[in-house]
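Observations on the model geometry
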Amino acid sequence: MASTLAEKIIASHVGREVRPGEIVITGVDVAALQDGTGPLALLQLEELGLVKAHNPAGTVLFIDHAAPSPRKELSNAHISLRNFARETGAVLSEINEGVCHQRLVESFAKPGDILIGADSHSCTSGALAAFATGMGSTDVAIGIATGRTWLKVPETFRIVMKGGFKPGVFAKDLMLRLIGDIGADGATYMALEFTGSLAAAMTMAERFTLANMAVEAGAKTGLFAADETTRKFLAGQDREEDFKPLAADEGAAYARTVEIDASSLEPLVSAPHTVDNTQTVAEAAGRKVDQVFIGTCTNGRIEDLRVAAAALKGRRRHPRTRLIITPASRTVYLQAAVEGLLKIFVEAGATVTGPGCGACVGVHGGILGDGEVCVATQNRNFQGRMGNAKSFIYLASPATAAATAVKGEIADPRELI
Amino acid sequence: MILKGKAWKFGDDISTDHIAPGRYFHLRTNLPELAKHVLEDAMPEFASQMRPGDFVVGGRNFGLGSSREHAPRIIKLAGASAVLAQSFARIFFRNAINVGLPVLEIDTAAIKQGDELEVDLEAGTVRNITRGQTLTFAPLPPVMVKILGDGGLVEHFKKYGDFNLE
Ligand code: SF4
């Protein structure tokens, strides 16, 4: 029978056809922890007497959310991750290396994999045609020790994307529109599958942005077919051998399909405090902004930094608006240095930080004050997300964020680029 | 099992940032301390005033957001006996079962702050004693009944040494 991408990947792991709703126990190719969820996972393994990694090369511990550590409790948590890596041979991604999801797509996930990560945005690797999903510490702990997990085979929700982006409009805007339309729980328990002429034409960076935010619609994962673009991306990371083509079967059954025409989109924001609170930049324009944050696993890639640099070149941030720029990984950081982007940012008045999650999750490095407004390129604007329940977060593309930094209020990027 | 307590009523879209805020990230290795801040940004008085056995009652999409398992753990640690909501976000739901916190999908619209509730997990009923109403909830999937019945995934593994979900 014809299968969706999610069904195909799970079927290849369990060695038989699968149908939505079935519960399967499946092998896991990559299991990931980060410094917020990892310590609890390791405690669970200790309690079970299972301090081991079934597949050390596919077990990755990331120190990214609080990197470098802003306080001793977190430094101690980091020690527990380092010790586990040393004892089991699992891979450790240190404070200089970047956000877990960017590191996973650069160096670990590959088409056809099942990846479980104790971080909800683990769905990012779905852009490489990996069945990649977020779980809690205990689930991932068990996955690390046994090499297996249980899954309910999800129904698939197909997103057919066509048309092209007008100048100033980006993949981020498309995703904000989609989540605004289907709602923050519009795809709960389902796999999103991104298809259509625009999906095929998209760069990997654009695909990562969409897959990253699949969970913001409640989805388990967000999948793209593995095609020539995927192969080139992997080749660019020196791992072309990890490529294999993978696509849904013709005639696969989808629980729901929506079409979206990118040509009809304009720059958008998600207004506080839910991601599905989508507004046009025109509607939000003029709102005074205290901080702009460009980075994260959603939009901290080199392509995003290039867009921001194009808008910021030769300009200065507005005196009222702080600008923080955090490359998603060491590779991105280095590339931005080579291309002269960091110079443009610093000249524009930005604070450029080392790679990592940075200000995204309210742990350190950009916590908002009472009543402050932030425009951020991340994936969540929940109340309290950036460390203060009395602040307000708007989500936007890097272009809109950069234009906002220059103008000091929410601004249309088409005025600058 | 019969659970009895008072309802603490929350709105729609209660996120893991409401339940376990990022500004207490450093307390993730100190769950009893973190539990003192549970749901603080949604209802500041909840943690200090709730009594063991009380219920957290949400609206739509309860627990959306991060994969932090600390969220259901501290709801349980604070003493809540179950979470009732119109619907749940996927990862929160799975985490709750894994840590042994009952999560019940039920129409919560008629439940008001402070209502006395009696939940019968086996019968699948919620009796609102204050309002004299009885609601029923859909049973959990069998896999989850099994894990919850064992007291969570770690206890399940202790018992069987492996997945035993049949
Ligand atoms: S950048 Fe933000 S959303 Fe991404 S993994 Fe880090 S904290 Fe989570």
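The structure presented is a predicted model; accordingly, all values stated were derived computationally and were not measured.

Rules and cut-offs
Residues numbered from 1 in each chain as written. Chains lettered and ligands numbered in written order. Predicted model: local features only at pLDDT ≥ 70, side-chain atom pairs only at ≥ 80, totals over all residues. Heavy atoms only, no water. Phe/Tyr/Trp six-rings, centres within 6.5 Å; stacked < 30°, edge-to-face > 60°. Helix = DSSP H or I, 4+ residues; strand = E, 2+ residues; numbered from the N terminus. Buried < 20%, exposed > 50% of the residue type's maximum accessible area, 1.4 Å probe, protein only. Pairing = 2+ DSSP bridges. Axes fitted to C-alpha atoms, helices over the stretch in contact; angles between N-to-C directions. 1 Å grid on protein atoms, 1.4 Å probe; cavity = no way out; pocket = protein on both sides within 12 Å on 5 of 7 lines; lining within 4 Å. Points joined across faces, edges and corners; volume = space filled by probe spheres on them. Nonpolar A, V, L, I, M, F, W, Y, C, P; charged D, E, K, R; others polar. Domains from an automatic or database assignment. Core = buried A, V, L, I, M, F, W, Y, C linked by side-chain atoms within 4.5 Å. Contact = heavy atoms within 4.5 Å.

Residues and elements named next belong to chain B. With the rule as written, the count across this model stands at ten aromatic pairs over all chains. Their ring planes at 70° and their centres at 5.3 Å tell us that Phe 62 and Phe 92 sit as a pair that is edge-to-face. Of this pair, Phe 62 sits in the loop between strand E2 (55-57) and helix H4 (70-77) while Phe 92 is found in helix H5 (residues 90-98), placing the two residues 30 residues apart along the sequence. Relative accessible area serves as the criterion here: at 0%, Phe 62 is assigned to the buried category. Ring geometry for Phe 88 against Phe 93: centres 5.4 Å apart, planes inclined by 55°, an arrangement best described as tilted. Each member of the pair, Phe 88 as well as Phe 93, is classed as buried. Members of the aromatic cluster, connected to one another through ring pairs, are Phe 62, Phe 88, Phe 92 and Phe 93.

All names here are of chain B. Sheet architecture is open: seven strands sit in the order E4-E3-E2-E1-E5-E6-E7, paired in mixed fashion. Only two strands of the sheet have a single partner each, and these edge strands are strand E4 (103-105) and strand E7 (133-136). When strand polarity is set aside, the average angle formed by the axes of neighbouring strands in this sheet is 30°. As defined by bridge partners, E2 adjoins strand E3 (residues 82-85) across three bridges and the pair is classed as parallel. In the sheet register, Val 57 faces E3, and the bridge partner there is Leu 84.

Before going further, it helps to spend a moment on empty space enclosed by the protein. Residue and element names in this part refer to chain A. If you walk through the whole model with that rule in mind, you get five cavities of 30 Å³ or more. The calculated volume of the largest cavity comes to roughly 210 Å³. Taken together, 22 residues make up the lining of the largest cavity; nearest its centre are Gln 34, His 65, Asp 119, His 121 and Arg 385. Elements that contribute at least two residues to the lining of the largest cavity include exactly helix H4 (100-107) and helix H11 (296-299). Class assignment of the residues belonging to the lining of the largest cavity gives a composition of seven nonpolar, ten polar and five charged. Lining the lining of the largest cavity are residues from two domains, each supplying at least three of them: domain 1 (8-260) and domain 2 (268-415). If you add up the space inside the second largest cavity, you get close to 120 Å³.

Further remarks concern the nonpolar core. In this structure, Met 161 of chain A together with Phe 62 and Ile 75 of chain B are the most contacted members of the largest nonpolar core, which totals 152 residues. At seven residues, the largest contribution of residues to this core is made by helix H6 (residues 171-182) of chain A. Mapping this core onto the domain boundaries places at least three of its residues in each of domain 1 (8-260) and domain 2 (268-415) of chain A. Excluding residues that lie within four positions of it along the chain, Ile 75 of chain B makes contacts with Ile 19, Val 38, Val 56, Phe 62, Ala 80, Val 83, Phe 92 and Leu 101 of chain B. Membership of the second largest hydrophobic core comes to 32 residues, among which are Ala 271, Ile 294, Leu 323 and Ala 402 of chain A.

All names here are of chain B. The element H4 is extensively covered by neighbouring structure, given that six of its eight residues are classed as buried. Along H4, the positions that sit buried rather than exposed are His 70, Ala 71, Pro 72, Arg 73, Ile 74 and Ile 75. Positive phi shows up at Gly 79, right after H4, with a value of about 115°.

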